[in-house]
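Here's the letter readout for the chains.
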Amino acid sequence: WLVYLDCDDLLEPSTFSVLERTIAKHPAARFISSRAIDIDTDSDILFWRLRSEHPYELIKNNFAGHLKVIKKELHQDLGLFKKTFEGCQDYEFALRTAINEPLLFIPHYLYRYRWHHDTQTVSQNQHDRVACDRTLC
């Protein structure tokens, strides 16, 4: 099993025990995604991110999350993350996986996602705002 997590995010203390129980309960699962707790730069909780646990939501929104737990053989079967999709290669991999088999979304909060100025989501929103402002000038 491979556990992917951004370098500035944090795992909850219960993460590995929850994953161990989940894997034992769902032995066919090869892609596991959990819910996130959003935190600020001081590690204070901003909110507990509630999401739909239905895989069809993956198409509308990136509900794969930043913590991805992937069985190594899934990469062997479908390939690795593709550099072409830099910045969202994990989302593309989740979509590619979902075409071939179900993703396992679990309702546990296993990681804390840190929001800061360099967070891709924040940076992209600022970039979009600047680009939009420039077109209005």
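Bear in mind the structure is a predicted one, so any value in this text is a computation, not a measurement. (Residues numbered from 1 in each chain as written. Predicted model: local features only at pLDDT ≥ 70, side-chain atom pairs only at ≥ 80, totals over all residues. Heavy atoms only, no water.)

**Looking at the packing of aromatic side chains**
As enumerated under the stated definition, the model contains five aromatic pairs in all. Taken together, a centroid distance of 5.0 Å and an interplanar angle of 50 degrees make the contact between Y4 and F81 tilted. A residue pair is termed long-range when its members are at least 10 positions apart, and Y4 in strand β1 (residues 2-4) and F81 in the loop between α3 (72-78) and α4 (89-100) qualify at 77 residues. Clustering of aromatic rings is evident, with ring pairs tying together Y4, F31, F81 and F93. The cationic tip of R49 hangs over the ring face of Y113; the distance from NZ or CZ to the ring centre is 5.1 Å. (Phe/Tyr/Trp six-rings, centres within 6.5 Å; stacked < 30°, edge-to-face > 60°. Helix = DSSP H or I, 4+ residues; strand = E, 2+ residues; numbered from the N terminus. Lys NZ or Arg CZ within 6 Å of the ring centre and 35° of its normal.)

**Some points on α4**
Between the first and last C-alpha of α4 there are 17 Å, a value that for 12 residues agrees with the 16 Å anticipated at 1.5 Å per step. Three or more residues of α4 are buried, namely D90, Y91, E92, F93, A94, R96 and T97. (Expected span 1.5 Å × (residues − 1). Buried < 20%, exposed > 50% of the residue type's maximum accessible area, 1.4 Å probe, protein only.)

**Considering the nonpolar core**
In this structure, V18, L19, A29, I32, A36, L67, V69, L104, I106, L110, Y111 and Y113 together form the largest nonpolar core, which totals 12 residues. At five residues, the largest contribution of residues to this core is made by strand β6 (residues 104-114). Counting eight residues, the second-largest nonpolar core is a separate cluster that includes A64, L74, F93 and F105. (Core = buried A, V, L, I, M, F, W, Y, C linked by side-chain atoms within 4.5 Å.)

**Let's talk about the pairing of β6**
Along a regular strand, successive side chains alternate from one face of the sheet to the other. In terms of strand pairing, strand β2 (residues 10-11) meets β6 through two bridges, oriented antiparallel. In the strand pairing of β6, L10 is matched with R112. Relative to β6, strand β3 (residues 31-39) is paired through seven bridges, and the arrangement is parallel. Each residue of the ladder has a partner; that of S33, found in β6, is F105. (Pairing = 2+ DSSP bridges.)

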